[in-house]
Amino acid sequence: MPELPDPALVVLVGAAGSGKSHWASSRYRTAEVVSSDALREVVGSGPADLDASVDSFDLLDRIVAARAGRRLTVVVDTLGLDPSRRAAYLAVARSAGLPAVAVVLDTPAPVCRTRNTQRDRPVPATVLTTQLRRMRTVVGELDREGWDLVHVVTDTPAPEPRRATAVAPPSRGRPLEGVFLQVSSFPWGGNPSAWLRDIALRAAEVGFAGLSLMDHLVQIPQVARAWDPIPEPWVTLGHLAALDTDLRLGTLVSPVTLHHAGVLAKQAATLDVLSGGRAFCGVGAGWFEREHLGFGMAFPPPRERLDTLATTIETMRALWAPGTKAYAGERVSLPETTFYPRPVGDLPVLVGGAGARTLRIAGALGDACNVSSDEALLPARIAAVRSAAQRAGRDPDAVATTVLDVAVVGDSRDDTARRVERLRGRTPAATYAARHHAGEPAAHVDRYARLREMGVSAMFLALPDLTGPDDLDRCATLTRWFRAYADTQPGHDDARP
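Conventions we followed
Counting starts from 1 at the beginning of each chain's written sequence and moves along it residue by residue. pLDDT decides what is reported in this predicted model: residues at 70 or higher carry local features, side-chain atom pairs at 80 or more are listed and counted, and totals for whole chains, interfaces and linings draw on all residues regardless. Where side-chain values are given, they derive from all heavy atoms of the structure, hydrogens and water being excluded. Working definition of a nonpolar core: buried Ala, Val, Leu, Ile, Met, Phe, Trp, Tyr and Cys residues. They are joined through side-chain atoms within 4.5 Å. We call a residue buried when its accessible area falls under 20% of the maximum for its residue type, exposed when it is over 50%, and partly exposed in between, using a 1.4 Å probe and counting protein chains only. Helix and strand assignments follow DSSP, with helices taken as H or I runs no shorter than four residues and strands as E runs no shorter than two, numbered in order from the N terminus. Contacts: residue pairs with any heavy atoms within 4.5 Å of one another. Cysteine sulfur atoms are paired as a disulfide whenever they fall within 2.5 Å. The rule for a salt bridge is simple: a side-chain nitrogen of Lys or Arg has to be within 4 Å of a carboxyl oxygen of Asp or Glu.

**Observations concerning the nonpolar core**
Counting 81 residues, the largest nonpolar core has F208, L211, V283 and W320 as the members making the most contacts within it. The leading source of residues in this core is helix α11 (residues 302–320), at eight residues. Counting 29 residues, the second-largest nonpolar core is a separate cluster that includes Y89, A93, L98 and V123.

**A closer look at the environment of D411**
Tracing the backbone shows D411 in the loop between β15 (400–406) and α14 (413–423). Remark: the alpha-carbon pair of D411 and C475, spanning 64 residues in sequence, is separated by 9.3 Å. With residues near it in sequence (within four places) discarded, D411 still touches E440 and R474.

**Here's the deal with the state of the cysteines**
The full count for this structure, using the stated rule, is zero disulfides. C369 supplies the cysteine sulfur nearest to C281, a cysteine that is in no disulfide, at a spacing of 15 Å. Residue C281 is classed as buried on the basis of its relative accessible area, which comes to 0%.

**Comments concerning unusual backbone geometry**
Here the amide bond leading from L252 into V253 is cis, since omega sits at -15 degrees, within 30 degrees of zero. Its place among the elements puts V253 in the loop between β8 (248–251) and β9 (254–255). Note that the residue after Y340, namely P341, is joined by a cis bond; omega there is 0 degrees. In this structure, P341 sits in the loop between β12 (333–334) and β13 (349–352).

**So, the pattern of salt bridges**
Pairing is possible between side chains of opposite charge, provided their charged atoms come close. Tallying each qualifying case throughout the model produces 27 salt bridges. Ionic pairing is found between R86 and E145, a salt bridge with its closest N-O pair at 2.7 Å. One end of the pair, R86, is in helix α4 (residues 83–96); the other, E145, is in helix α6 (residues 125–145), with 59 residues separating them in the sequence. For E145, a relative accessible area of 26% translates into the label partly exposed. The partner of R331 in a salt bridge is E330, and the shortest N-O contact between them spans 3.7 Å. By relative accessible area, R331 is classed as partly exposed at 33%. Bridged by salt links that share partners, the residues D415, R418, R419, R422, D465, D471 and R474 form one connected network.

Structure, rendered in C-alpha coordinates:
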(Lines give C-alpha, C1' and ligand atoms only; values in the text may rest on other atoms or scores of the structure.)
Protein backbone atom coordinates (compact mmCIF):
# COMPACT_ATOMS: atom_id res chain seq x y z
CA MET A 1 0.00 0.00 0.00
CA PRO A 2 1.38 3.43 -0.91
CA GLU A 3 1.95 5.99 1.81
CA LEU A 4 -1.16 8.16 2.02
CA PRO A 5 -0.69 11.88 2.71
CA ASP A 6 -1.34 12.98 6.29
CA PRO A 7 -3.15 15.18 7.13
CA ALA A 8 -5.64 14.66 4.33
CA LEU A 9 -9.34 14.45 3.54
CA VAL A 10 -9.97 10.79 2.75
CA VAL A 11 -13.20 9.59 1.18
CA LEU A 12 -13.96 5.86 1.28
CA VAL A 13 -15.78 4.38 -1.71
CA GLY A 14 -17.32 0.91 -1.67
CA ALA A 15 -20.49 -1.14 -1.54
CA ALA A 16 -22.01 -2.41 1.69
CA GLY A 17 -19.87 -5.24 3.04
CA SER A 18 -16.73 -4.11 1.18
CA GLY A 19 -14.84 -3.54 4.43
CA LYS A 20 -14.64 0.27 4.51
CA SER A 21 -15.12 0.64 8.25
CA HIS A 22 -12.66 -2.12 9.06
CA TRP A 23 -10.07 -0.63 6.70
CA ALA A 24 -10.45 2.81 8.28
CA SER A 25 -10.41 1.61 11.90
CA SER A 26 -7.21 -0.38 11.31
CA ARG A 27 -5.34 2.74 10.02
CA TYR A 28 -6.85 5.79 11.69
CA ARG A 29 -7.90 6.89 15.16
CA THR A 30 -11.60 6.72 15.99
CA ALA A 31 -11.77 10.52 16.22
CA GLU A 32 -10.47 10.83 12.65
CA VAL A 33 -13.23 8.70 11.08
CA VAL A 34 -16.70 10.14 10.57
CA SER A 35 -19.34 7.56 9.65
CA SER A 36 -22.88 8.18 8.42
CA ASP A 37 -24.04 4.95 10.06
CA ALA A 38 -22.53 5.91 13.41
CA LEU A 39 -24.13 9.35 13.23
CA ARG A 40 -27.53 7.81 12.47
CA GLU A 41 -27.22 6.10 15.83
CA VAL A 42 -26.44 9.49 17.43
CA VAL A 43 -29.37 11.39 15.92
CA GLY A 44 -31.74 8.43 15.34
CA SER A 45 -32.66 5.08 16.82
CA GLY A 46 -29.70 3.18 15.39
CA PRO A 47 -27.24 2.87 12.50
CA ALA A 48 -29.97 1.51 10.22
CA ASP A 49 -32.48 4.27 10.99
CA LEU A 50 -32.88 5.63 7.47
CA ASP A 51 -35.34 8.27 8.70
CA ALA A 52 -32.36 9.90 10.43
CA SER A 53 -30.24 10.04 7.24
CA VAL A 54 -30.78 13.74 6.49
CA ASP A 55 -29.79 14.78 10.01
CA SER A 56 -26.84 12.38 10.12
CA PHE A 57 -25.39 13.64 6.81
CA ASP A 58 -25.92 17.25 7.90
CA LEU A 59 -23.91 16.51 11.02
CA LEU A 60 -21.31 14.59 9.02
CA ASP A 61 -20.78 17.54 6.64
CA ARG A 62 -20.27 19.89 9.58
CA ILE A 63 -17.70 17.59 11.15
CA VAL A 64 -15.83 17.17 7.86
CA ALA A 65 -15.75 20.96 7.32
CA ALA A 66 -14.66 21.64 10.91
CA ARG A 67 -11.81 19.12 10.92
CA ALA A 68 -10.61 20.06 7.44
CA GLY A 69 -10.75 23.76 8.39
CA ARG A 70 -8.32 22.96 11.22
CA ARG A 71 -6.16 20.95 8.81
CA LEU A 72 -6.87 17.71 10.67
CA THR A 73 -7.15 14.40 8.93
CA VAL A 74 -10.74 13.36 8.38
CA VAL A 75 -11.88 10.04 6.88
CA VAL A 76 -15.39 10.03 5.42
CA ASP A 77 -16.93 6.58 5.90
CA THR A 78 -20.02 6.49 3.67
CA LEU A 79 -20.77 4.57 0.50
CA GLY A 80 -18.98 7.28 -1.50
CA LEU A 81 -20.98 6.39 -4.61
CA ASP A 82 -22.80 9.74 -5.01
CA PRO A 83 -20.80 12.01 -7.39
CA SER A 84 -22.41 15.17 -6.01
CA ARG A 85 -21.36 14.37 -2.45
CA ARG A 86 -17.85 13.48 -3.60
CA ALA A 87 -17.65 16.83 -5.40
CA ALA A 88 -18.62 18.59 -2.18
CA TYR A 89 -15.89 16.79 -0.19
CA LEU A 90 -13.36 17.60 -2.90
CA ALA A 91 -14.30 21.29 -2.66
CA VAL A 92 -13.84 21.23 1.13
CA ALA A 93 -10.37 19.72 0.70
CA ARG A 94 -9.40 22.35 -1.86
CA SER A 95 -10.69 25.18 0.35
CA ALA A 96 -8.72 23.89 3.34
CA GLY A 97 -5.57 23.19 1.34
CA LEU A 98 -5.64 19.45 2.20
CA PRO A 99 -4.78 16.60 -0.16
CA ALA A 100 -7.96 14.92 -1.44
CA VAL A 101 -7.71 11.14 -1.36
CA ALA A 102 -10.27 8.59 -2.58
CA VAL A 103 -9.84 5.03 -1.28
CA VAL A 104 -11.80 2.49 -3.30
CA LEU A 105 -12.62 -0.83 -1.60
CA ASP A 106 -12.84 -3.09 -4.66
CA THR A 107 -14.04 -6.17 -2.78
CA PRO A 108 -15.45 -9.12 -4.77
CA ALA A 109 -19.24 -9.15 -4.94
CA PRO A 110 -19.63 -12.62 -3.29
CA VAL A 111 -17.59 -11.40 -0.31
CA CYS A 112 -19.76 -8.30 0.03
CA ARG A 113 -22.92 -10.40 -0.12
CA THR A 114 -21.69 -12.84 2.52
CA ARG A 115 -20.61 -10.07 4.87
CA ASN A 116 -23.92 -8.30 4.32
CA THR A 117 -25.87 -11.35 5.53
CA GLN A 118 -23.89 -11.28 8.77
CA ARG A 119 -25.01 -7.78 9.69
CA ASP A 120 -27.64 -7.15 12.33
CA ARG A 121 -29.66 -5.34 9.65
CA PRO A 122 -28.50 -6.40 6.19
CA VAL A 123 -28.88 -4.09 3.21
CA PRO A 124 -31.68 -5.40 0.95
CA ALA A 125 -30.28 -7.65 -1.78
CA THR A 126 -31.60 -5.47 -4.59
CA VAL A 127 -29.98 -2.36 -3.10
CA LEU A 128 -26.66 -4.14 -2.69
CA THR A 129 -26.83 -5.34 -6.30
CA THR A 130 -27.25 -1.73 -7.45
CA GLN A 131 -24.25 -0.65 -5.36
CA LEU A 132 -22.08 -3.42 -6.79
CA ARG A 133 -23.09 -2.44 -10.31
CA ARG A 134 -22.07 1.18 -9.61
CA MET A 135 -18.65 0.01 -8.45
CA ARG A 136 -17.81 -1.13 -11.99
CA THR A 137 -17.50 2.47 -13.21
CA VAL A 138 -16.53 4.39 -10.10
CA VAL A 139 -12.73 4.34 -10.57
CA GLY A 140 -13.06 5.99 -13.99
CA GLU A 141 -15.34 8.63 -12.49
CA LEU A 142 -12.81 9.37 -9.73
CA ASP A 143 -9.99 9.76 -12.23
CA ARG A 144 -12.02 12.39 -14.10
CA GLU A 145 -13.00 14.26 -10.93
CA GLY A 146 -9.46 15.41 -10.14
CA TRP A 147 -8.59 13.68 -6.85
CA ASP A 148 -4.98 14.02 -5.75
CA LEU A 149 -4.76 10.28 -5.17
CA VAL A 150 -7.08 7.40 -6.00
CA HIS A 151 -6.04 4.30 -4.10
CA VAL A 152 -7.75 1.01 -4.97
CA VAL A 153 -7.77 -1.65 -2.24
CA THR A 154 -8.27 -5.15 -3.61
CA ASP A 155 -7.32 -7.08 -0.47
CA THR A 156 -9.58 -6.18 2.45
CA PRO A 157 -9.06 -8.61 5.32
CA ALA A 158 -11.89 -8.49 7.81
CA PRO A 159 -12.57 -10.09 11.15
CA GLU A 160 -13.76 -13.67 11.05
CA PRO A 161 -17.44 -13.62 10.09
CA ARG A 162 -19.89 -14.14 12.91
CA ARG A 163 -21.85 -17.19 12.04
CA ALA A 164 -24.79 -18.63 13.89
CA THR A 165 -24.00 -21.82 15.79
CA ALA A 166 -27.47 -23.27 15.81
CA VAL A 167 -27.03 -25.98 13.18
CA ALA A 168 -25.10 -28.48 15.27
CA PRO A 169 -27.49 -29.11 18.14
CA PRO A 170 -26.02 -28.92 21.63
CA SER A 171 -26.45 -31.64 24.19
CA ARG A 172 -30.06 -31.35 25.25
CA GLY A 173 -30.93 -30.71 28.88
CA ARG A 174 -34.46 -32.19 28.69
CA PRO A 175 -34.26 -35.69 27.25
CA LEU A 176 -37.35 -37.47 25.96
CA GLU A 177 -37.73 -40.37 28.35
CA GLY A 178 -40.60 -42.47 29.64
CA VAL A 179 -43.95 -43.65 28.34
CA PHE A 180 -45.81 -40.98 26.35
CA LEU A 181 -49.46 -41.10 25.39
CA GLN A 182 -49.89 -40.67 21.64
CA VAL A 183 -53.39 -39.40 20.82
CA SER A 184 -54.32 -40.06 17.20
CA SER A 185 -58.12 -40.20 17.24
CA PHE A 186 -60.54 -37.82 18.92
CA PRO A 187 -63.94 -39.36 19.74
CA TRP A 188 -64.81 -36.37 21.89
CA GLY A 189 -68.57 -36.22 21.42
CA GLY A 190 -70.25 -32.92 22.14
CA ASN A 191 -67.59 -31.40 24.40
CA PRO A 192 -64.16 -31.51 22.73
CA SER A 193 -62.46 -29.30 25.31
CA ALA A 194 -63.64 -31.40 28.24
CA TRP A 195 -62.63 -34.66 26.53
CA LEU A 196 -59.13 -33.37 25.85
CA ARG A 197 -58.80 -32.03 29.38
CA ASP A 198 -59.93 -35.29 30.95
CA ILE A 199 -57.57 -37.36 28.79
CA ALA A 200 -54.59 -35.19 29.69
CA LEU A 201 -55.36 -35.08 33.41
CA ARG A 202 -55.84 -38.83 33.60
CA ALA A 203 -52.64 -39.40 31.61
CA ALA A 204 -50.73 -37.36 34.17
CA GLU A 205 -52.44 -39.17 37.04
CA VAL A 206 -51.64 -42.60 35.57
CA GLY A 207 -47.98 -41.67 35.22
CA PHE A 208 -47.42 -40.93 31.53
CA ALA A 209 -44.33 -38.80 30.96
CA GLY A 210 -45.94 -36.78 28.20
CA LEU A 211 -48.67 -36.46 25.62
CA SER A 212 -48.21 -36.14 21.88
CA LEU A 213 -50.65 -35.43 19.09
CA MET A 214 -50.71 -36.57 15.49
CA ASP A 215 -50.42 -33.70 12.99
CA HIS A 216 -52.62 -34.11 9.92
CA LEU A 217 -55.24 -32.05 8.12
CA VAL A 218 -57.38 -35.11 7.32
CA GLN A 219 -57.69 -38.17 9.53
CA ILE A 220 -55.50 -40.94 8.12
CA PRO A 221 -56.99 -44.30 7.08
CA GLN A 222 -54.75 -46.26 9.45
CA VAL A 223 -56.53 -44.65 12.40
CA ALA A 224 -60.13 -43.73 11.56
CA ARG A 225 -62.46 -42.37 8.88
CA ALA A 226 -61.63 -39.27 6.88
CA TRP A 227 -64.64 -37.42 8.30
CA ASP A 228 -63.67 -38.09 11.92
CA PRO A 229 -62.32 -35.01 13.72
CA ILE A 230 -58.60 -34.29 13.88
CA PRO A 231 -57.77 -30.92 15.47
CA GLU A 232 -54.85 -28.65 14.66
CA PRO A 233 -52.25 -29.98 17.11
CA TRP A 234 -50.35 -26.87 18.17
CA VAL A 235 -53.55 -25.03 19.07
CA THR A 236 -54.72 -28.12 20.95
CA LEU A 237 -51.41 -28.48 22.80
CA GLY A 238 -51.67 -24.85 23.85
CA HIS A 239 -55.04 -25.70 25.39
CA LEU A 240 -53.46 -28.61 27.29
CA ALA A 241 -50.49 -26.51 28.41
CA ALA A 242 -52.82 -24.54 30.67
CA LEU A 243 -53.60 -27.65 32.74
CA ASP A 244 -51.76 -28.26 36.01
CA THR A 245 -49.62 -31.22 34.89
CA ASP A 246 -45.98 -32.07 34.28
CA LEU A 247 -46.69 -33.73 30.94
CA ARG A 248 -44.23 -33.12 28.12
CA LEU A 249 -46.17 -31.83 25.10
CA GLY A 250 -45.45 -32.04 21.39
CA THR A 251 -46.35 -33.47 18.00
CA LEU A 252 -45.60 -36.88 16.58
CA VAL A 253 -44.91 -35.57 14.04
CA SER A 254 -45.48 -32.30 12.17
CA PRO A 255 -44.97 -32.70 8.39
CA VAL A 256 -42.65 -29.94 7.21
CA THR A 257 -44.68 -29.83 4.00
CA LEU A 258 -47.60 -28.45 6.01
CA HIS A 259 -45.66 -25.96 8.14
CA HIS A 260 -43.37 -23.12 7.16
CA ALA A 261 -40.12 -23.57 9.09
CA GLY A 262 -40.21 -20.18 10.81
CA VAL A 263 -43.86 -20.50 11.77
CA LEU A 264 -43.27 -23.99 13.16
CA ALA A 265 -40.37 -22.63 15.20
CA LYS A 266 -42.72 -19.97 16.58
CA GLN A 267 -45.44 -22.50 17.39
CA ALA A 268 -43.09 -24.81 19.26
CA ALA A 269 -41.33 -22.00 21.12
CA THR A 270 -44.63 -20.46 22.19
CA LEU A 271 -45.82 -23.82 23.50
CA ASP A 272 -42.55 -24.20 25.38
CA VAL A 273 -43.00 -20.83 27.06
CA LEU A 274 -46.67 -21.40 27.91
CA SER A 275 -45.94 -24.85 29.35
CA GLY A 276 -42.94 -23.77 31.37
CA GLY A 277 -40.39 -25.62 29.27
CA ARG A 278 -42.24 -28.88 28.62
CA ALA A 279 -42.46 -28.78 24.82
CA PHE A 280 -40.77 -30.88 22.17
CA CYS A 281 -41.07 -30.56 18.40
CA GLY A 282 -41.61 -33.67 16.29
CA VAL A 283 -40.97 -33.22 12.56
CA GLY A 284 -41.18 -35.45 9.51
CA ALA A 285 -40.98 -35.21 5.74
CA GLY A 286 -44.72 -35.77 5.21
CA TRP A 287 -46.31 -38.68 3.34
CA PHE A 288 -50.10 -38.23 3.09
CA GLU A 289 -50.63 -36.80 -0.40
CA ARG A 290 -54.41 -36.56 -0.06
CA GLU A 291 -54.36 -33.90 2.66
CA HIS A 292 -51.93 -31.75 0.70
CA LEU A 293 -53.97 -31.77 -2.48
CA GLY A 294 -57.26 -31.34 -0.64
CA PHE A 295 -55.99 -28.22 1.10
CA GLY A 296 -54.39 -26.73 -1.99
CA MET A 297 -50.81 -27.48 -0.96
CA ALA A 298 -47.98 -28.83 -3.06
CA PHE A 299 -46.79 -32.37 -2.42
CA PRO A 300 -43.19 -32.44 -3.70
CA PRO A 301 -41.27 -35.62 -4.54
CA PRO A 302 -39.46 -37.44 -1.69
CA ARG A 303 -36.06 -35.87 -2.25
CA GLU A 304 -37.46 -32.35 -2.04
CA ARG A 305 -39.48 -33.17 1.06
CA LEU A 306 -36.40 -34.55 2.78
CA ASP A 307 -34.40 -31.46 1.76
CA THR A 308 -37.13 -29.39 3.38
CA LEU A 309 -36.96 -31.51 6.53
CA ALA A 310 -33.25 -30.79 6.97
CA THR A 311 -33.72 -27.11 6.13
CA THR A 312 -36.58 -26.79 8.60
CA ILE A 313 -34.52 -28.20 11.46
CA GLU A 314 -31.61 -25.88 10.65
CA THR A 315 -33.95 -22.88 10.43
CA MET A 316 -35.56 -23.63 13.79
CA ARG A 317 -32.17 -24.05 15.44
CA ALA A 318 -31.01 -20.71 14.00
CA LEU A 319 -34.11 -18.86 15.20
CA TRP A 320 -34.00 -20.41 18.68
CA ALA A 321 -30.31 -19.54 19.19
CA PRO A 322 -29.32 -16.46 21.24
CA GLY A 323 -28.94 -13.07 19.59
CA THR A 324 -30.53 -11.47 16.55
CA LYS A 325 -27.61 -11.59 14.12
CA ALA A 326 -27.99 -12.65 10.52
CA TYR A 327 -27.51 -16.36 9.94
CA ALA A 328 -25.61 -17.95 7.06
CA GLY A 329 -25.77 -21.74 7.30
CA GLU A 330 -25.38 -24.81 5.18
CA ARG A 331 -28.96 -24.84 3.87
CA VAL A 332 -30.49 -21.50 4.80
CA SER A 333 -29.52 -17.82 5.14
CA LEU A 334 -31.57 -15.42 7.25
CA PRO A 335 -31.06 -11.63 7.26
CA GLU A 336 -31.81 -11.59 10.99
CA THR A 337 -32.82 -13.97 13.77
CA THR A 338 -35.07 -11.73 15.82
CA PHE A 339 -37.26 -14.28 17.58
CA TYR A 340 -39.20 -13.67 20.78
CA PRO A 341 -40.24 -15.38 22.92
CA ARG A 342 -37.48 -17.93 22.67
CA PRO A 343 -37.83 -21.41 24.14
CA VAL A 344 -37.36 -21.69 27.89
CA GLY A 345 -34.29 -23.87 27.32
CA ASP A 346 -33.11 -26.42 24.80
CA LEU A 347 -36.21 -27.48 22.90
CA PRO A 348 -35.77 -31.08 21.66
CA VAL A 349 -36.35 -31.83 18.00
CA LEU A 350 -37.60 -35.36 17.30
CA VAL A 351 -37.33 -36.65 13.73
CA GLY A 352 -39.96 -39.21 12.75
CA GLY A 353 -39.54 -41.77 9.99
CA ALA A 354 -37.49 -44.82 9.17
CA GLY A 355 -36.22 -44.18 5.64
CA ALA A 356 -32.45 -44.26 5.15
CA ARG A 357 -32.09 -40.52 4.57
CA THR A 358 -34.54 -39.66 7.35
CA LEU A 359 -32.40 -41.63 9.79
CA ARG A 360 -29.30 -39.81 8.55
CA ILE A 361 -31.02 -36.45 9.11
CA ALA A 362 -32.06 -37.54 12.60
CA GLY A 363 -28.48 -38.50 13.43
CA ALA A 364 -26.96 -35.33 12.02
CA LEU A 365 -29.50 -32.75 13.17
CA GLY A 366 -32.02 -34.21 15.61
CA ASP A 367 -32.16 -34.77 19.34
CA ALA A 368 -34.16 -37.95 18.88
CA CYS A 369 -35.46 -40.26 16.19
CA ASN A 370 -38.84 -41.96 16.23
CA VAL A 371 -39.39 -45.29 14.49
CA SER A 372 -41.78 -48.21 14.90
CA SER A 373 -41.44 -50.53 17.88
CA ASP A 374 -40.65 -53.52 15.65
CA GLU A 375 -37.86 -55.28 17.56
CA ALA A 376 -36.54 -57.01 14.44
CA LEU A 377 -35.90 -53.71 12.63
CA LEU A 378 -34.72 -51.59 15.55
CA PRO A 379 -31.03 -52.57 15.75
CA ALA A 380 -30.29 -51.60 12.15
CA ARG A 381 -32.18 -48.31 12.50
CA ILE A 382 -30.45 -47.39 15.74
CA ALA A 383 -27.10 -48.20 14.16
CA ALA A 384 -27.91 -45.98 11.15
CA VAL A 385 -28.75 -43.02 13.39
CA ARG A 386 -25.64 -43.45 15.51
CA SER A 387 -23.45 -43.76 12.44
CA ALA A 388 -24.91 -40.55 10.98
CA ALA A 389 -24.34 -38.73 14.26
CA GLN A 390 -20.73 -39.85 14.35
CA ARG A 391 -20.13 -38.75 10.76
CA ALA A 392 -21.57 -35.34 11.65
CA GLY A 393 -19.08 -35.00 14.51
CA ARG A 394 -21.68 -35.56 17.20
CA ASP A 395 -21.80 -37.86 20.19
CA PRO A 396 -24.05 -40.74 19.06
CA ASP A 397 -25.45 -40.96 22.60
CA ALA A 398 -26.79 -37.41 22.20
CA VAL A 399 -29.48 -38.69 19.79
CA ALA A 400 -32.20 -40.57 21.66
CA THR A 401 -34.15 -43.45 20.15
CA THR A 402 -37.91 -43.36 20.63
CA VAL A 403 -40.59 -45.65 19.22
CA LEU A 404 -44.22 -45.34 18.19
CA ASP A 405 -46.01 -48.30 19.75
CA VAL A 406 -49.55 -48.86 18.47
CA ALA A 407 -50.53 -51.54 20.96
CA VAL A 408 -53.64 -53.28 22.23
CA VAL A 409 -53.56 -53.43 26.04
CA GLY A 410 -56.14 -55.63 27.75
CA ASP A 411 -56.96 -56.18 31.41
CA SER A 412 -57.03 -59.95 30.95
CA ARG A 413 -56.59 -62.53 28.23
CA ASP A 414 -60.32 -62.51 27.53
CA ASP A 415 -60.41 -58.71 27.50
CA THR A 416 -57.48 -58.60 25.06
CA ALA A 417 -59.21 -61.07 22.74
CA ARG A 418 -62.42 -59.03 22.78
CA ARG A 419 -60.52 -55.85 21.94
CA VAL A 420 -58.71 -57.51 19.03
CA GLU A 421 -61.98 -58.84 17.65
CA ARG A 422 -63.61 -55.41 17.87
CA LEU A 423 -60.68 -53.63 16.21
CA ARG A 424 -59.42 -56.02 13.54
CA GLY A 425 -61.93 -55.28 10.76
CA ARG A 426 -61.18 -57.69 7.92
CA THR A 427 -57.66 -58.46 9.15
CA PRO A 428 -57.29 -61.99 10.59
CA ALA A 429 -57.32 -61.91 14.40
CA ALA A 430 -53.90 -63.50 14.77
CA THR A 431 -52.34 -61.09 12.28
CA TYR A 432 -53.89 -58.05 13.94
CA ALA A 433 -52.88 -59.25 17.41
CA ALA A 434 -49.27 -59.78 16.35
CA ARG A 435 -49.08 -56.47 14.48
CA HIS A 436 -50.34 -54.56 17.52
CA HIS A 437 -48.57 -56.57 20.21
CA ALA A 438 -51.91 -57.45 21.79
CA GLY A 439 -51.49 -58.53 25.38
CA GLU A 440 -51.93 -57.78 29.05
CA PRO A 441 -49.80 -55.24 30.95
CA ALA A 442 -47.25 -57.83 32.11
CA ALA A 443 -46.50 -58.85 28.51
CA HIS A 444 -46.04 -55.20 27.52
CA VAL A 445 -43.69 -54.66 30.45
CA ASP A 446 -41.52 -57.53 29.23
CA ARG A 447 -41.53 -56.05 25.75
CA TYR A 448 -40.71 -52.56 27.02
CA ALA A 449 -37.85 -54.00 29.04
CA ARG A 450 -36.39 -55.47 25.87
CA LEU A 451 -36.83 -52.18 24.01
CA ARG A 452 -35.22 -50.29 26.84
CA GLU A 453 -32.24 -52.64 26.84
CA MET A 454 -31.88 -52.08 23.09
CA GLY A 455 -31.44 -48.36 23.77
CA VAL A 456 -34.98 -46.98 23.47
CA SER A 457 -35.51 -44.04 25.81
CA ALA A 458 -39.20 -43.32 25.20
CA MET A 459 -42.23 -45.24 24.06
CA PHE A 460 -45.07 -43.29 22.44
CA LEU A 461 -48.02 -45.54 23.21
CA ALA A 462 -51.05 -45.19 20.93
CA LEU A 463 -54.12 -47.13 22.05
CA PRO A 464 -56.22 -47.92 18.95
CA ASP A 465 -59.37 -48.12 21.10
CA LEU A 466 -58.88 -44.98 23.20
CA THR A 467 -62.34 -43.50 23.78
CA GLY A 468 -62.03 -41.81 27.17
CA PRO A 469 -59.88 -41.32 30.27
CA ASP A 470 -60.83 -44.66 31.85
CA ASP A 471 -59.03 -46.45 29.01
CA LEU A 472 -55.74 -45.15 30.38
CA ASP A 473 -56.03 -46.88 33.75
CA ARG A 474 -54.85 -50.22 32.40
CA CYS A 475 -51.59 -48.54 31.32
CA ALA A 476 -50.58 -47.68 34.90
CA THR A 477 -48.51 -50.85 35.19
CA LEU A 478 -46.41 -49.83 32.18
CA THR A 479 -45.75 -46.29 33.34
CA ARG A 480 -45.05 -47.43 36.90
CA TRP A 481 -42.55 -50.01 35.65
CA PHE A 482 -40.74 -47.50 33.46
CA ARG A 483 -40.27 -45.05 36.34
CA ALA A 484 -38.91 -47.84 38.52
CA TYR A 485 -36.68 -49.10 35.73
CA ALA A 486 -35.18 -45.65 35.24
CA ASP A 487 -34.05 -45.70 38.88
CA THR A 488 -32.20 -49.01 38.58
CA GLN A 489 -29.29 -50.36 36.59
CA PRO A 490 -30.28 -51.81 33.19
CA GLY A 491 -31.09 -55.51 33.34
CA HIS A 492 -32.25 -55.64 36.96
CA ASP A 493 -35.36 -57.78 37.19
CA ASP A 494 -36.37 -56.15 40.48
CA ALA A 495 -37.57 -53.13 38.52
CA ARG A 496 -40.41 -55.14 37.06
CA PRO A 497 -43.77 -55.54 38.82
